[in-house]
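# A structural walkthrough
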Amino acid sequence: MSDLADLDYCANMYLVEIEEGTGYKNAEPMALDLGKWSSISEFATQASKTLDRLDILVENAAVATPGNYVPTEDGWETMLQVNSLGPAMHVLLLLPIIMNTAKVHSVDPRIVVVSSGAALSANIGSDAMAAPNTLEMLSSKAYCKTEEVFANRYHLSKMLNVMLVRKLAEHLPQNIVPVTLSPGFCVSGLRRWAVGEVAEQFKKMEDESAYTSEEGSRHIIYSAIGGKDKELRGAFMSYLEPVEISAWMLSDEGKKAEDKTWVEMIELFGKLDDRIPGIVAQYLKA
Ligand SMILES: NC(=O)c1ccc[n+]([C@@H]2O[C@H](COP(=O)([O-])OP(=O)(O)OC[C@H]3O[C@@H](n4cnc5c(N)ncnc54)[C@H](OP(=O)(O)O)[C@@H]3O)[C@@H](O)[C@H]2O)c1
């Protein structure tokens, strides 16, 4: 997306789709490019002026660009920024509205981060964990140069979604319900990068076993409004049930990775937006 005008255009296009598909006429667009730190900050500023409550936040956006190393305008590897870091910063900047909603309206808001079953097969290599800054190392072109590292990048970006939700559950009060999920294998625009044989294989898989996007979205809706807060809080949901995360994520190594990337994210976001240190101090218990 090149600029705000493009974002506004896309948002309005989706509004028409929502209205035509559901008959609902009160949706309002707000432009957001998760691959641009300044857009995330601007969104939060706009939200603080226009949203009087925020009961459910769904971080759904993602891209898959496994063929090419593509840096964002901010210089970060695109899947890492759009799928993992951008949504994390977005959640943190919206915490003041979410917390205020919980307090003023006596509700238990949900923060829904859409992950994937792919998260369960990911890990962070010991070389990246040994780096002074793991996220910067993961993002660097030099690190992504081996096919194996980059082929697993989407999976890793989705694993960071799970780690984010686990950290939010650890640090936020009990009346805030962070949850992550897999929507299942769906026909969507996510595999638009695929060409030739790979595209044919995906097409075959989609024809044989994929949900429609609408069917996949029901998994997201369940996490947003279904089930019991206690069961969903901090959970990874698959087929509408909380399921165990991978052995690697539960291992000492996985826990270290979760802690290290969390600290690095908070440090990074604090440098990008001066509201972050105050939000962390006020809303996230140490
Ligand atoms: N499809 C599957 O089989 C599958 C399986 C497991 C998990 N998931 C997860 O499901 C979620 C939805 O993906 P999908 O399958 O519906 O893919 P999709 O059709 O490609 O939709 C991705 C969405 O992300 C938005 N997006 C992309 N880049 C963005 C950016 N920089 N800033 C803001 N929004 C951006 C896109 O907006 P524009 O259209 O405006 O670009 C689009 O609405 C993702 O988190 C994905 O990882 C999908």
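As recorded by an unreviewed UniProt entry, the protein chain carries the name NAD(P)-binding protein and is attributed to Gymnopus androsaceus JB14.

### Brief notes about the sheet that holds strand β5 (residues 241–243)
Reading across the sheet, the five strands line up as β1-β2-β3-β4-β5 and stay open at both edges, with mixed pairing between neighbours. Whereas interior strands pair on both sides, the edge strands pair on one side only; in this sheet they are β1 (56–59) and β5. Taking each pair of neighbouring strands and ignoring which way they run, the sheet shows an average axis angle of 35°. The pairing of β1 with strand β2 (residues 110–114) spans four bridges and is parallel.

### Some words on the site of the ligand
As a matter of local geometry, the ligand sits amid 25 residues, with Y14, N60, Y154, C186 and S188 nearest to it. Within the contact set of the ligand, a nitrogen atom lies 2.9 Å away from a side-chain nitrogen or oxygen of D33. A distance of 3.2 Å separates an oxygen atom of the ligand from a polar atom in the backbone of L190. In terms of residue class, the shell around the ligand is made up of 14 nonpolar, seven polar and four charged.

### Some thoughts on the pattern of salt bridges
Going through the model one piece at a time under the given rule, you end up with 12 salt bridges. With a closest N to O distance of 3.1 Å, K204 and E208 form a salt bridge. Taken together, the residues span about one helical turn, with K204 and E208 both in helix α8 (residues 196–209) at a distance of four residues. Using a relative accessible area of 58% as the deciding quantity, one classes E208 as exposed. One salt bridge in this structure joins K260 and E264, with 2.9 Å as the shortest N-O distance. On the criterion of helical spacing, the pair formed by K260 and E264 is a turn pair, its members being four residues apart in helix α12 (residues 252–272). Given a relative accessible area of 22%, K260 falls into the partly exposed group. Through salt bridges with shared partners, one network takes in K167, E170 and D259.

### Quick look at the nonpolar core
In terms of nonpolar packing, the biggest core is built from 57 residues, with L85, L92, I111, I124 and F269 touching the most fellow members. It is helix α3 (residues 78–105) that contributes the most residues to this core, 14 residues altogether. In this view, L85 contacts W37, W76, L80, L135, M265, L268 and F269; residues no more than four positions away in its chain are not counted. Judged by nonpolar contacts, the second largest core, of 10 residues, contains V112, I220, L232 and A235.

### A look at α3
When the terminal C-alpha atoms of α3 are compared, their 37 Å separation across 28 residues agrees well with the 40 Å that a helix rising 1.5 Å per residue should span. Within α3, the axis deviates most sharply at L95, by approximately 50°, and proline P96 lies no more than four positions further along. Most of α3 sits inside the fold, with 23 of its 28 residues counted as buried. Put simply, E77 is the residue that caps the front of α3, since its side-chain oxygen is 3.0 Å from the backbone nitrogen of M79. Looking one or two residues beyond α3, the residue adopting positive phi is S106, at roughly 50°.

Quick notes on the rules
- Residues numbered from 1 in each chain as written.
- Predicted model: local features only at pLDDT ≥ 70, side-chain atom pairs only at ≥ 80, totals over all residues.
- Heavy atoms only, no water.
- Pairing = 2+ DSSP bridges.
- Helix = DSSP H or I, 4+ residues; strand = E, 2+ residues; numbered from the N terminus.
- Axes fitted to C-alpha atoms, helices over the stretch in contact; angles between N-to-C directions.
- Near = heavy atom within 4 Å.
- Polar contact = N/O pair within 3.5 Å; in protein donor to acceptor, adjacent residues only side chain to side chain.
- Nonpolar A, V, L, I, M, F, W, Y, C, P; charged D, E, K, R; others polar.
- Salt bridge = Lys/Arg side-chain N within 4 Å of Asp/Glu carboxyl O.
- Buried < 20%, exposed > 50% of the residue type's maximum accessible area, 1.4 Å probe, protein only.
- Core = buried A, V, L, I, M, F, W, Y, C linked by side-chain atoms within 4.5 Å.
- Contact = heavy atoms within 4.5 Å.
- Expected span 1.5 Å × (residues − 1).
- Bend = angle between axes of the 7 residues up to and from the residue.

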